[in-house]
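# What the coordinates show
So the chains spell out like this:
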Amino acid sequence: MTNTPHEAVRLSKRMAELNLCSRREADQYIEQGWVKVNGNVAVLGQKVLPSDRIDLDKLAHQQQAQRVTILLNKPVGFVSGQPEKDYRAAVELITADNHWEGDTSRIPFDVKQLKGLAPAGRLDIDSVGLLVLTQDGRIAKQLIGEHSGSEKEYLVRVKGKLSENGLALLNHGLSLDGEKLRPAQVSWQNEDQLRFILKQGKKRQIRRMCELVGLRVVGLKRIRIGKVKLGALPTGKWRYLGDNERF
């Protein structure tokens, strides 16, 4: 929802809309005295107009520059978020030993990078491939915010017999949870593997879509998010998102 020209909104909301940071980060920066509105130091809860000028202190920019985003090739058996009964969380794989030697970012590993590191999106426990973990609220918003249009590409191994108009339905025409799904790009990669490109991510979406057209998913691998590809990153290894890479 866009604000009308004369509508005042909370400063933290406006900063998130401008993609300066996440709302939570905005409140932290305001508390530190790192935000100015029209040249005056901002206060928590302040409201601003779209015409107001917002400036971030260089200390906030420095803190943002130190935030890392990590790409992990998640193996089967790890959950994306909080550890669950008998299962480990993917973030436990972010160790110096698991850092891929092919990483060209030249960022040194530091355990401080694990603080506030959270998955931007999820992969089911039995799915593998590209999982993004980030300390940067701007990247999280870009990948999982309500207006995120980031493409996510998957290779999906299936069994069963596809219903007659099944491929057309996978591309557009299915509903889940009483809601019509956004158009997808789905095509055969080979005789038992489909390629899916989605712009949304409902829980177990691909598995449920396949079930609706007579297929059962036996393997699922995410190979791309936006412009960033899994590439040659080995299973269980991770690397940093480089300065020259954008989703």
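Values in this document were obtained by computation on a predicted structure and should not be read as measured data. (Residues numbered from 1 in each chain as written. Predicted model: local features only at pLDDT ≥ 70, side-chain atom pairs only at ≥ 80, totals over all residues. Heavy atoms only, no water.)

Tallied over the full model, the rule gives 20 salt bridges. One salt bridge in this structure joins Arg-195 and Glu-153, with 2.1 Å as the shortest N-O distance. On the criterion of sequence distance, the pair formed by Arg-195 in strand S15 (residues 193-198) and Glu-153 in strand S11 (residues 152-160) is long-range, its members being 42 residues apart. The exposure class assigned to Arg-195 is partly exposed, which follows from its relative accessible area of 23%. (Salt bridge = Lys/Arg side-chain N within 4 Å of Asp/Glu carboxyl O. Helix = DSSP H or I, 4+ residues; strand = E, 2+ residues; numbered from the N terminus. Buried < 20%, exposed > 50% of the residue type's maximum accessible area, 1.4 Å probe, protein only.)

Within the UniProt annotation, "domain: RNA-binding S4" (unreviewed entry) is assigned to residues 9-63. Measuring from the first to the last C-alpha atom of residues 9-63 gives 25 Å, for a span that is 42% helix and 22% strand. (UniProt positions renumbered as here; feature names shortened; annotations may be inferred.)

Let's shift gears to the nonpolar core. Counting residues in each nonpolar core, the largest one holds 20 residues, and the members touching the most others are Tyr-154, Val-156, Leu-170, Phe-196 and Ile-206. Going through the elements one at a time, S11, S15, helix H6 (205-212) and strand S16 (215-225) are the ones with two or more residues in this core. Core analysis: the second largest hydrophobic core is formed by 15 residues, Leu-11, Cys-21, Ala-42 and Val-48 among them. (Core = buried A, V, L, I, M, F, W, Y, C linked by side-chain atoms within 4.5 Å.)

Take the pairing of S11 next. Looking along a regular strand, one sees the side chains alternate between the two faces of the sheet. By the bridge criterion, six bridges tie S11 to S15 in an arrangement that is antiparallel. Note on S15: the bridge partner recorded for Val-156 is Leu-194. Where S11 and S16 come together, nine bridges link them in antiparallel fashion. Paired with Gly-160 across the strands is Leu-215, a residue of S16. (Pairing = 2+ DSSP bridges.)

Split by domain assignment, the protein resolves into domain 1 (9-65), domain 2 (67-146 + 228-240) and domain 3 (152-225). When each unit is reduced to the centre of its C-alpha atoms, the spacing between domain 1 and domain 2 is 28 Å. Taken residue by residue, the interface counts 12 residues in domain 1 and six residues in domain 2. Regarding the contact of domain 1 and domain 2, the summed buried area is about 710 Å², with carbon and sulfur atoms giving 34% of it. Among the residues domain 1 hides against domain 2, the three largest losses belong to Asn-19, Glu-25 and Gln-64. Together they make up 56% of the total. Counting across the domain 1 and domain 2 interface gives one salt bridge. With its nearest N and O atoms 2.5 Å apart, the salt bridge here joins Glu-25 to Arg-67. Scanning the region where domain 1 abuts domain 2 turns up four residue pairs in polar contact (both at pLDDT 80 or more). By residue class, the composition of the side of domain 1 that touches domain 2 is five nonpolar, five polar and two charged. (Domains from an automatic or database assignment. Contact = heavy atoms within 4.5 Å. Buried area = accessible area lost by both parts, 1.4 Å probe. Polar contact = N/O pair within 3.5 Å; in protein donor to acceptor, adjacent residues only side chain to side chain. Nonpolar A, V, L, I, M, F, W, Y, C, P; charged D, E, K, R; others polar.)

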